[in-house]
Amino acid sequence: MLPSTNGFALVAPASKGLGFAFAQQLLSHTRLPVIATARRNCEGVRDRLLEAVKDDSGSMKERLRVLRVDVTDEAMIHAMTSYIRREYPEAALRIAITVPGILHVEKSPQQIDAASALDSFRVNALGPMLLMKHLAPFLPTKSSKPFPVNSQSQGGESHVWNLPSHAIYAMMAARVGSISDNATGGWYSYRASKASVFQLAKTFDLYLRTRSNERALAVAMHPGTVQTDFTKDYWDGRKMLHPFDSANRLLQFLFAMSPANSDGRGRCWDWKGEEVLP
């Protein structure tokens, strides 16, 4: 049974791109059990993650679980949380990284397709909302004891990051979801669906302020322009981040954020630690 003081981390989905990089970083730089999700081929995703972190000792193999989840299917999300309750009955969610995303490009209103636009909202807006609904009960409350803060000096593990004593719930937004930053137009369904993540992060954080006070916070994230399959049509002539670098910088920024700072929580932050205004 997992000790209740340590908690666990979750990345959904983690099959490729940024999600894969986040799961890889959490496996490499924390001692937490990591629950990752994929829509298919969970064993293949698990094998690739373990190969990426070069798990010679076998400890990461014990800490990693990859569960089959489609974020638009509430029954599958419920099955995931039932598994967590069964396998880790006393553990709290310490780090949640939810990154579902799909891009349908409409350069003009005439290119908007109802089915594709609905797909955008199902994945980019409803998916994070359903994950939030089912994962919220795992976050600590006001009466929960603080998580222990890791010390890099303990055991000589210099690769292990210091973790905060509170929980972090992070949702992937996008700069193009910012209304104030929109200077070029286009991408109607993607912009509109990603704009909702700004609102979800703010609203969920207000809930956590009441339920958990300074034991948990919620934020939205912008990863920068990252070289993944998601952006492959836009690689030419652009300077792009590697997913590993973006995930690394975002996680270290998030771990340094204090829930006592009302100017930080509930907002959207990019990989440089700069706010993306709604």
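Rules used in this analysis
- Residues numbered from 1 in each chain as written.
- Predicted model: local features only at pLDDT ≥ 70, side-chain atom pairs only at ≥ 80, totals over all residues.
- Heavy atoms only, no water.
- Helix = DSSP H or I, 4+ residues; strand = E, 2+ residues; numbered from the N terminus.
- Expected span 1.5 Å × (residues − 1).
- Bend = angle between axes of the 7 residues up to and from the residue.
- Buried < 20%, exposed > 50% of the residue type's maximum accessible area, 1.4 Å probe, protein only.
- Contact = heavy atoms within 4.5 Å.
- pLDDT = per-residue confidence, 0-100.
- Axes fitted to C-alpha atoms, helices over the stretch in contact; angles between N-to-C directions.
- Parallel < 35°, antiparallel > 145°, perpendicular 65-115°, else oblique.
- Left-handed = near helix turned anticlockwise from the far one by under 90°.
- Nonpolar A, V, L, I, M, F, W, Y, C, P; charged D, E, K, R; others polar.
- Pairing = 2+ DSSP bridges.
- Core = buried A, V, L, I, M, F, W, Y, C linked by side-chain atoms within 4.5 Å.
- Patch = residues over 30% accessible without salt bridge, like charges linked within 9 Å, V, L, I, M, F, W, Y side chains within 5 Å.
- Areas by Shrake-Rupley, 256 points an atom, 1.4 Å probe, with all protein chains shown as cover.
- Salt bridge = Lys/Arg side-chain N within 4 Å of Asp/Glu carboxyl O.
- Lys, Arg positive; Asp, Glu negative; His and termini not counted.
- Charge placed at Lys NZ, Arg CZ, Asp CG, Glu CD.
- Polar contact = N/O pair within 3.5 Å; in protein donor to acceptor, adjacent residues only side chain to side chain.
- Phe/Tyr/Trp six-rings, centres within 6.5 Å; stacked < 30°, edge-to-face > 60°.

A few points about helix 5 (residues 114-135)
The end-to-end C-alpha distance of helix 5, which contains 22 residues, comes to 30 Å, matching closely the 32 Å that a straight helix rising 1.5 Å per residue would cover. Of all the bends in helix 5, the greatest reaches close to 40° and is centred on Leu126; the proline Pro128 follows between one and four positions later. Within helix 5, the full set of buried residues consists of Ala117, Ser120, Val123, Asn124, Ala125, Gly127, Pro128, Leu130, Leu131, Met132, His134 and Leu135. Residues of helix 5 that are buried in the fold lie against strand 1 (8-12), helix 4 (74-87), strand 4 (93-98), strand 5 (167-172) and helix 6 (188-211).

Here we look at the confidence of the model for the protein
Reading fine detail from the predicted coordinates is not recommended where pLDDT is low. Averaged over all residues, the pLDDT of the protein is 90; the fraction at 70 or higher stands at 90%. With pLDDT under 50 throughout, residues 151-156 is counted as low confidence; its partners more than four residues away or in other chains account for 8 contacts.

A few points about the packing of helix 5 against helix 6
Between helix 5 and helix 6, the least distance of the axes is 8 Å, while the angle of their chain directions is 15°. Viewed along their axes, helix 5 and helix 6 adopt a mutual orientation that is roughly parallel. For the pair helix 5 and helix 6, the crossing hand works out as right-handed. Contacts between helix 5 and helix 6 involve Ala117, Ser120, Phe121, Asn124, Ala125, Pro128, Met129 and Met132 on the former and, on the latter, Ser189, Tyr190, Ala192, Ser193, Lys194, Ser196, Val197, Leu200 and Phe204. Class assignment for the residues of the contact of helix 5 with helix 6 results in 11 nonpolar, 5 polar and 1 charged.

A word on the sheet that holds strand 6 (residues 216-222)
One key point about sheets: their strands pair by backbone hydrogen bonds, in either a parallel or an antiparallel sense. Spatial strand order, 3-2-1-4-5-6-7: 7 strands in an open sheet with parallel pairing. The sheet is open, and its two borders are formed by strand 3 (64-68) and strand 7 (268-270), each paired with just one other strand. When strand polarity is set aside, the average angle formed by the axes of neighbouring strands in this sheet is 25°. Bridge analysis of strand 6 against strand 7 gives 3 bridges, and the strand direction is parallel. Bridging from a neighbouring strand, Ala220 pairs with Cys268 of strand 7. Sheet strands touched by helix 4: strand 1, strand 2 (34-38) and strand 3. Its angle to strand 3, the strand with the most contacts, is close to 150°.

Quick notes on unusual backbone geometry
For residues that are not glycine, phi is negative in most cases, and the peptide bond is trans in most cases. Note that the residue after Ala12, namely Pro13, is joined by a cis bond; omega there is -10°. Topologically, Pro13 is positioned in the loop between strand 1 and helix 1 (17-29). Phi at Trp187 is positive, roughly 50°, even though this residue is not glycine. Mapped onto the secondary structure, Trp187 falls in the loop between strand 5 and helix 6.

What about the pairing of strand 4?
On any regular strand, side chains alternate: one points to one face of the sheet, the next to the other face. The buried count for strand 4 comes to 6 of 6 residues, which makes it a mostly enclosed element. Alignment of strand 1 against strand 4, held across 5 bridges, turns out to be parallel. Across the sheet, the residue bridging to Leu10 is Ala96, located in strand 4.

Some words on the nonpolar core
Counting residues in each nonpolar core, the largest one holds 43 residues, and the members touching the most others are Phe22, Ile97 and Met221. Here this core takes 7 residues from helix 1, the largest share from any one element. Those residues within four positions of Ile97 in sequence are excluded, and the remaining contacts are Leu10, Val11, Ala12, Phe22, Ala170, Met221, Leu251 and Leu254.

Some details on a positive patch on the surface
Taken together, Lys16, Arg39, Arg40 and Arg68 make up a surface patch of like positive charges. Turning to its location among the elements, Arg68 is positioned in strand 3. For Arg68, a relative accessible area of 56% translates into the label exposed.

A word on the environment of Tyr88
Relative to the helices and strands, Tyr88 is located in the loop between helix 4 and strand 4. In sequence terms Tyr88 and Phe8 are 80 residues apart; their C-alpha atoms lie 8.7 Å from each other.

Some remarks on the side chain of Ser189
Mapped onto the elements, Ser189 comes out in helix 6. Of note is the side chain of Ser189, whose polar atom sits 3.1 Å from the side chain of Ser120. The residues touching Ser189, leaving out its near neighbours within four places in the chain, are His104, Glu106, Ala117, Ser120 and Phe121.

Section: the packing of aromatic side chains
The tally for this structure, following the rule as stated, stands at 7 aromatic pairs. Measuring from ring centre to ring centre gives 5.0 Å for Tyr169 and Phe204, while their planes differ by 80°; the resulting arrangement is edge-to-face. Of this pair, Tyr169 sits in strand 5 while Phe204 sits in helix 6, placing them 35 residues apart in sequence. By the burial criterion, Tyr169 is buried, and Phe204 matches it.

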